[in-house]
Amino acid sequence: MALWRSMRSVTGAELPYGRHSKDVQEDIRKGIITCHECSATRACRLWLADAAQGTPPPFFCPNRERFIRLSEMASVH
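Below or above, wherever it landed, is the structure these notes cover. (Residues numbered from 1 in each chain as written. Predicted model: local features only at pLDDT ≥ 70, side-chain atom pairs only at ≥ 80, totals over all residues. Heavy atoms only, no water.)

1. Regarding the packing of helix H1 (residues 2-11) against helix H3 (residues 41-50)
Look at H1 against H3: their axes get within 11 Å of each other, and the N-to-C directions meet at 40°. Crossing angle aside, the handedness with which H1 passes H3 is left-handed. Where H1 abuts H3, its residues Leu-3, Ser-6, Met-7, Val-10 and Thr-11 lie against Thr-41, Cys-44, Arg-45, Trp-47 and Leu-48. In terms of residue class, the contact of H1 with H3 is made up of six nonpolar, three polar and one charged. (Axes fitted to C-alpha atoms, helices over the stretch in contact; angles between N-to-C directions. Helix = DSSP H or I, 4+ residues; strand = E, 2+ residues; numbered from the N terminus. Left-handed = near helix turned anticlockwise from the far one by under 90°. Contact = heavy atoms within 4.5 Å. Nonpolar A, V, L, I, M, F, W, Y, C, P; charged D, E, K, R; others polar.)

This is how it looks when you write it as C-alpha cells:
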C-alpha cells in the first residue's frame, strides 16, 4: 500500500476524500491489487525516490494508465 500511496501522491492522482462512483472505487481496488502483485517494486521505489511532484508515472508501471486517469479526475475536482 505504501508504494500505491506514494505513486498517487507523486503523480497527482490523489482524489478528494468522500464518496466516489462504483466505477472509480472498482478502478482504485484493481489498482491496489495490481500494485500489490507487481514485480517491479525495487524499480518503483528507486523511481519514487527521485521523482518530482507532478511527474507522470513511469512506463514500467502496470498502473500507469490508471494513475494518469485518476490524476486527470483529481485535477477536475
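2. Looking at the packing of H1 against helix H4 (residues 64-76)
Packing of H1 against H4 leaves a shortest axis separation of 10 Å and a crossing angle of 50°. The orientation of H1 with respect to H4, classified from their angle, is oblique. Relative to H4, the crossing made by H1 is right-handed. Where H1 approaches H4, its residues Trp-4, Met-7, Arg-8 and Thr-11 are matched on the opposing element by Arg-66, Phe-67, Leu-70 and Ser-71. (Parallel < 35°, antiparallel > 145°, perpendicular 65-115°, else oblique.)

3. Points about the packing of aromatic side chains
Summed over the entire model, instances satisfying the criterion amount to one aromatic pair. With 5.0 Å between their ring centres and 40° between their planes, Trp-4 and Phe-67 make a pair best called tilted. Pair noted here: Trp-4 is in helix H1 and Phe-67 is in helix H4, with a separation of 63 residues, a long-range link. According to the relative accessible area criterion, Phe-67 is buried, its value standing at 1%. Over the ring of Phe-59 we find Arg-64, and its NZ or CZ is 4.0 Å from the ring centre. (Phe/Tyr/Trp six-rings, centres within 6.5 Å; stacked < 30°, edge-to-face > 60°. Buried < 20%, exposed > 50% of the residue type's maximum accessible area, 1.4 Å probe, protein only. Lys NZ or Arg CZ within 6 Å of the ring centre and 35° of its normal.)

4. Quick look at H4
For H4, which comprises 13 residues, the first-to-last C-alpha distance of 19 Å matches the rise-based estimate of 18 Å (1.5 Å per residue) to within 8%. All buried positions along H4 are accounted for by Arg-64, Arg-66, Phe-67, Leu-70, Ser-71 and Ala-74. One face of H4 carries all of its buried residues, which in axial projection span an arc of 155°. In H4, the exposed positions angled more than 90 degrees off the buried face are occupied by Glu-65, Glu-72 and Val-76. Where the residues of H4 are buried, they touch H1 and helix H2 (22-37). (Expected span 1.5 Å × (residues − 1). Arc of directions from axis to C-beta.)

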